[in-house]
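Breakdown of the fold
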Amino acid sequence: MTGTLYLCATPIGNLKDMTPRVVETMQMVDLIAAEDTRNSIKLLNHFEIHTPMTSYHEYNKVEKAFYLIEQMHQGKNVALITDAGTPAISDPGEVLVRMCQESGIAVTSLPGAAACITALTLSGLSTRRFCFEGFLPADKKERKSILEDLKKESRTILLYEAPHHLAKTIGELCETLGNRKVTLCRELTKKFEEIRPMTLYDARSFYEHEEPRGEYVLVVEGKSLAEFKKEQERGWQSIPIEEHMQRYESQGIDHKEAMKKVAKDRGISKREVYQALLDNQ
């Protein structure tokens, strides 16, 4: 009988957020795979968990996954933990989960803290639709491509950032997205938790004089429907009304209906379309 992989969420700051189920599971399993065993030993000691640990991180994620899968095929149960929060979110654990599924090993998740969701609920921005980007890539070309994609994103955007890169990232967001609303969250669930709702331009000015400290979650508002509409209107206004009309009429749309569509596209009245056509006869 094969073992099971347990994805165990750990606190992102406040140790009281550790769930009893996670503690019991980590005491029950045969092995704990931890991102940083030196960091996780403090957590295990606090909850009197004496289960053996092994390291599982970005630099051994494939090689060690084969070892862990072999252990589970031998019937051992394994708990996967990250330094803080839920494993496999912006984390090498996703590789182990995929390889377990391909190997026929059962995987289950024990929910708990996640910095991205905690920040989203505190942001004051729309929570109905959101996208998670994690850390932006270091590669300049890939980073630029993702930022360009985010420029068109209408959902609330969640990003992670380290303190020494925060000012640069905020500057890039200003250049790409403009002056959107943003909520900067740090030290989540800890004594000095800080939630700063502001605009991207204000954040850029603020961190010119303030040294960032701690890991940050940036919650950025998506592009509004009003912005989309204005951009579309500007795009249509770059071509003459006669050409705009011709595009619709060439599709078999009658003259009156084409005028309605042109007026809607350009954010003007049908009368203005009619008058422009008269003026250019």
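Predicted, not measured: the structure shown is a model, and the values here were computed from it. (Residues numbered from 1 in each chain as written. Predicted model: local features only at pLDDT ≥ 70, side-chain atom pairs only at ≥ 80, totals over all residues. Heavy atoms only, no water.)

Examining the pairing of strand S7 (residues 156-161)
Counting buried positions along S7 gives six out of six residues, so the element sits mostly inside the fold. On S7, burial covers both faces: Thr156, Leu158 and Tyr160 on one face and Ile157, Leu159 and Glu161 on the other are all buried. In this structure, strand S6 (residues 130-135) lies alongside S7, joined through five bridges in parallel fashion. Within the sheet, the bridge partner assigned to Cys131 lies in S7 and is Ile157. Regarding the hand of the β-α-β motif, the stretch spanning S6, helix H6 (residues 140-151) and S7 is right-handed. Judged from the five bridges that link them, S7 and strand S10 (residues 216-220) form a sheet pairing that is antiparallel. Looking at S10, one finds that Leu159 is bridged to Leu218. (Buried < 20%, exposed > 50% of the residue type's maximum accessible area, 1.4 Å probe, protein only. Helix = DSSP H or I, 4+ residues; strand = E, 2+ residues; numbered from the N terminus. Pairing = 2+ DSSP bridges. Right-handed = clockwise from strand over helix to strand, strands pointing away.)

Focus on the side chain of Ser40
Its place among the elements puts Ser40 in helix H2 (residues 37-46). A relative accessible area of 3% places Ser40 in the buried class.

Some points on the pattern of salt bridges
Throughout the structure, instances matching the rule amount to seven salt bridges. Note that Arg143 is salt-bridged to Glu172, the shortest N-O span being 2.8 Å. Taken together, the residues span a long stretch of sequence, with Arg143 in helix H6 and Glu172 in helix H7 (residues 166-177) at a distance of 29 residues. By the burial criterion, Arg143 is buried, and Glu172 matches it. Between Lys152 and Asp149 there is a salt bridge, and its shortest N-O distance comes to 4.0 Å. Here the salt bridges do not stand alone but share partners, grouping Arg186, Glu194 and Arg196 into one network. (Salt bridge = Lys/Arg side-chain N within 4 Å of Asp/Glu carboxyl O.)

Side note on the layout of surface pockets
Roughly 1000 Å³ of internal volume is contained in the largest pocket. Ala84, Ser90, Phe135, Tyr160 and Glu215 are the residues nearest the centre of the largest pocket, which is lined by 33 residues in total. Listed by contribution, the elements that provide at least two residues to the lining of the largest pocket are helix H4 (93-102), S7, strand S8 (181-186) and S10. Residue composition of the lining of the largest pocket, grouped by class: 15 nonpolar, seven polar and eleven charged. (1 Å grid on protein atoms, 1.4 Å probe; cavity = no way out; pocket = protein on both sides within 12 Å on 5 of 7 lines; lining within 4 Å. Points joined across faces, edges and corners; volume = space filled by probe spheres on them. Nonpolar A, V, L, I, M, F, W, Y, C, P; charged D, E, K, R; others polar.)

As for unusual backbone geometry
Non-glycine residue Ala88 carries a positive phi angle of around 80 degrees. Following the sequence through the fold, Ala88 ends up in the loop between strand S4 (78-81) and H4. Residue classification places Ala88 among the partly exposed residues on the basis of a relative accessible area of 24%. Positive phi is not limited to glycine here, since Ser90 has a value of about 50 degrees.

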